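Close look at the chain arrangement
Here's the letter readout for the chains.
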Amino acid sequence: MKFKILTLFPNMFDGFLSESIIKRAIDSKKIDISIHNIRDYANNKHNQVDDTPYGGGSGMLLMCEPIFKAVEDVKSKNSKVIMLSPEGKTLTQEKAYELSKEEDLILLCGHYEGFDERINTIVDEKISIGDYVLTGGELPAMVLIDSVSRLVDGVIKEESHIKDSFNDGLLDYPQYTKPREFRGMQVPDVLLSGDHEKIENYRKEEALKKTKKERPDLIEKYEKKRKKIGNFTLIEDYSKKKIEEININDTFNFKPKNNVKKEDLSSISKIVLVEPSFIETIAKKNINKKLNILLKQITIVLNDETDDTAGEYVLGEIDRLENMILSNYKKYLSSDYIKLVRNKLKVLKEEIKYKQMMQTQMINYNEEKGRSL
Ligand SMILES: C[S@@+](CC[C@H](N)C(=O)[O-])C[C@H]1O[C@@H](n2cnc3c(N)ncnc32)[C@H](O)[C@@H]1O
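The notes below deal with the structure included here. Positions within a chain are numbered from 1, following the residues in the order the chain's sequence is written. Since the coordinates come from a predicted model, pLDDT governs what is reported: local features require at least 70, and pairs of side-chain atoms require 80 or more to be given and counted, while whole-chain, interface and lining totals use all residues.

1. Here's the deal with the overall build of the chain
Think of it this way: any DSSP run of H or I at least four residues long counts as a helix, any run of E at least two long counts as a strand, and we number them from the N terminus. When helices and strands are tallied, the chain shows 11 helices and 13 strands. Counting other C-beta atoms within 10 Å of a residue's C-beta gives its exposure: the residue is buried at 20 or more, exposed at 12 or fewer, and partly exposed in between, where C-beta atoms are placed from the backbone. Counting all 373 residues of the chain, 19% fall into the buried class. Sequence separation of at least 24 residues holds for 69% of the intrachain contacts in the chain that already meet a minimum separation of 6. With C-beta atoms placed from the backbone, a contact is any residue pair whose C-beta atoms sit within 7 Å.

See below:
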């Protein structure tokens, strides 16, 4: 994901870009951040980018010309132009998730009294980071980049941000680390019990209590996100990536297929629905992993002149992968993708069979030679 920052003060970003998670995300190419100095787009000899407001008033306004030119210069067909402005919608976790799906964000940082009103015509969205006024849009741009980047795939572990505050509409649950006792304050016993179900229930209750106490305004929205359907409560998740959680108000006995014994029955109080697009991602990851292993095995088989059983083993593995795709993954993958993988597997099979044929011919030739001597 690309962030293109348009600013009058590029140096303000130095520390932000060279530390911690943002630096790692840039180094591992999960995100790309470029900084463009608005002054470079000024069209006068003093590189002036601001002027006094028509009708009078204090302060200076950023002029149209350099901003239009800068945006036109860095814009691509997938860009979304965001103006950091106290007039915008307030940045929330939901908005951060939405923006993390974008490919290319252009962030316009204002300064002085703000922007000439006509600049709004090239802006897709205005975002504020809260109801207060800062001297410039640089800090808001950093806040936006930070909150969005940690939701981009691979920047931090997904399980970390899925459990963060706001994702399910509540604040995070209280957490403790070592020591067990500090100045007479104890870690709650339940967290040391090792009982995962109890711990999860405790955390849910505490998150709800904390939100009611610290941010009662969030509770109404949280309730709206919980749809009651008969015996079920459906909880919508901001990440929308994989989870629609159904908490069942009663417990149901759950009997798996395949003649499972009575003592192996379990009861469920929660169902997690996984979005098909997420299964597609996982299926493709699995297939790629298996293909890579097969490629390594085939390289060994092709270079080994002695072992003729290894080829049979790898042919078996190829068949197993093909069966797995056709029986487990078919409904989640496009027919074009399946065709592509099957073609690859066919080529790999042919390579091994060709080697086996050459090996047999060589054995026959040697035997023949032995007989004629
Ligand atoms: C001093 S402010 C301009 C304030 C403007 N005259 C007003 O009253 O709305 C200069 C720049 O800082 C940025 N800025 C200030 N507060 C912000 C906030 N809460 N959220 C996002 N950007 C902000 C904007 O880019 C803005 O153009």
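Now that the structure has been shown, the text picks up again.
2. Quick notes on the packing of helix α10 (residues 310–329) against helix α11 (residues 335–372)
It is at 10 Å that the axes of α10 and α11 come closest, and there the two elements cross at 165°. The pairing of α10 with α11 is recorded here as roughly antiparallel in orientation. Of the two possible hands of crossing, α10 and α11 adopt the one that is left-handed. Residues G311, V314, L315, I318, L321, E322 and I325 of α10 pack against I338, V341, R342, L345, L348, K349, I352, K355 and Q356 of α11. Axis lines are fitted to C-alpha atoms, over the contacting stretch for helices. Their N-to-C directions set the angle, which ranges from 0 to 180 degrees. The cut-offs work like this: below 35 degrees is roughly parallel, past 145 is roughly antiparallel, 65 to 115 is roughly perpendicular, and the gaps in between are oblique. Helix crossings are classified by the rotation of the near helix relative to the far one: an anticlockwise turn of less than a right angle makes the crossing left-handed, while a clockwise turn makes it right-handed.

3. Quick notes on the site of the ligand
We call a residue near a molecule or strand when the C-beta position, derived from backbone atoms, sits within 6 Å of it. The ligand sits among 20 residues. The nearest are L84, G110, G114, G137 and P140. If you tally residues by element for the shell around the ligand, the top one is strand β5 (residues 79–90), at four residues. Three classes are used: nonpolar for Ala, Val, Leu, Ile, Met, Phe, Trp, Tyr, Cys and Pro, charged for Asp, Glu, Lys and Arg, and polar for all others, with Gly counted as polar. Residue classes in the shell around the ligand are distributed as nine nonpolar, nine polar and two charged.

4. Description of helix α5 (residues 138–149)
Helix span, expected: 1.5 Å multiplied by one less than the number of residues in the helix. For α5, spanning 12 residues, the distance from its first C-alpha to its last is 16 Å, which sits close to the expected 16 Å at 1.5 Å a residue. Listing the buried residues of α5 in full gives E138, P140, A141, M142, L144, I145, V148 and S149.

5. Re the environment of V143
Here V143 lies in helix α5. A residue is classified by how many C-beta atoms lie within 10 Å of it, and V143, with 16 of them, is partly exposed. As a C-alpha pair, V143 and I129 span 14 residues in sequence and 7.7 Å in three-dimensional space. Apart from residues no more than four positions distant in its own chain, V143 is found in contact with L91 and I129.

6. Considering the nonpolar core
For this analysis, nonpolar core means a set of buried Ala, Val, Leu, Ile, Met, Phe, Trp, Tyr and Cys residues linked through C-beta atoms within 7 Å. Residues L6, I82, L107 and L108 are the most contacted members of the largest nonpolar core, which totals 39 residues. Counting eight residues, the second largest nonpolar core, distinct from the first, contains I298, V301, V314 and L348.

7. A look at the sheet that holds strand β7 (residues 125–128)
Spatial ordering of the open sheet is given by β2-β1-β6-β5-β7, a layout of five strands whose pairing is parallel. Of all the strands in the sheet, just β2 (32–37) and β7 have a single pairing partner and so form its edges. Neighbour-to-neighbour, the strand axes of the sheet open up by a mean angle of 30°, direction not taken into account. Where strand β1 (residues 2–7) meets strand β6 (residues 104–109), five bridges bridge the pair, whose relative direction is parallel. Note on β6: the bridge partner recorded for L6 is L108. Paired strands, in this sense, are two strands between which DSSP finds at least two bridges.

8. A look at the pairing of β5
Across six bridges, the pairing between β5 and β6 is parallel. Bridging from a neighbouring strand, K80 pairs with L105 of β6. Taken together, the five bridges between β5 and β7 define a ladder with parallel strand orientation. The partner of I82 across the bridge, within β7, is E125.

9. As for the environment of K77
As for its placement among the helices and strands, K77 is situated in the loop between α3 (64–74) and β5. Residue K77 is classed as exposed on the basis of its C-beta count, with 6 C-beta atoms lying within 10 Å. Along the chain, K77 and D104 lie 27 residues apart, while their C-alpha atoms are 9.1 Å from each other.

10. A short note on unusual backbone geometry
For residues that are not glycine, phi is negative in most cases, and the peptide bond is trans in most cases. Between K178 and the following residue, P179, the backbone shows a cis peptide bond with an omega angle of 5°. For P179, the position within the fold is in the loop between α6 (158–162) and β8 (181–182). Of note, the phi angle at S20 is positive, near 55°, even though the residue is not glycine. The exposure class assigned to S20 is exposed, which follows from the 10 C-beta atoms found within 10 Å. Its identity as a non-glycine residue notwithstanding, R183 has a phi of 45°, on the positive side. You can see R183 is positioned in the loop between β8 and β9 (185–186).

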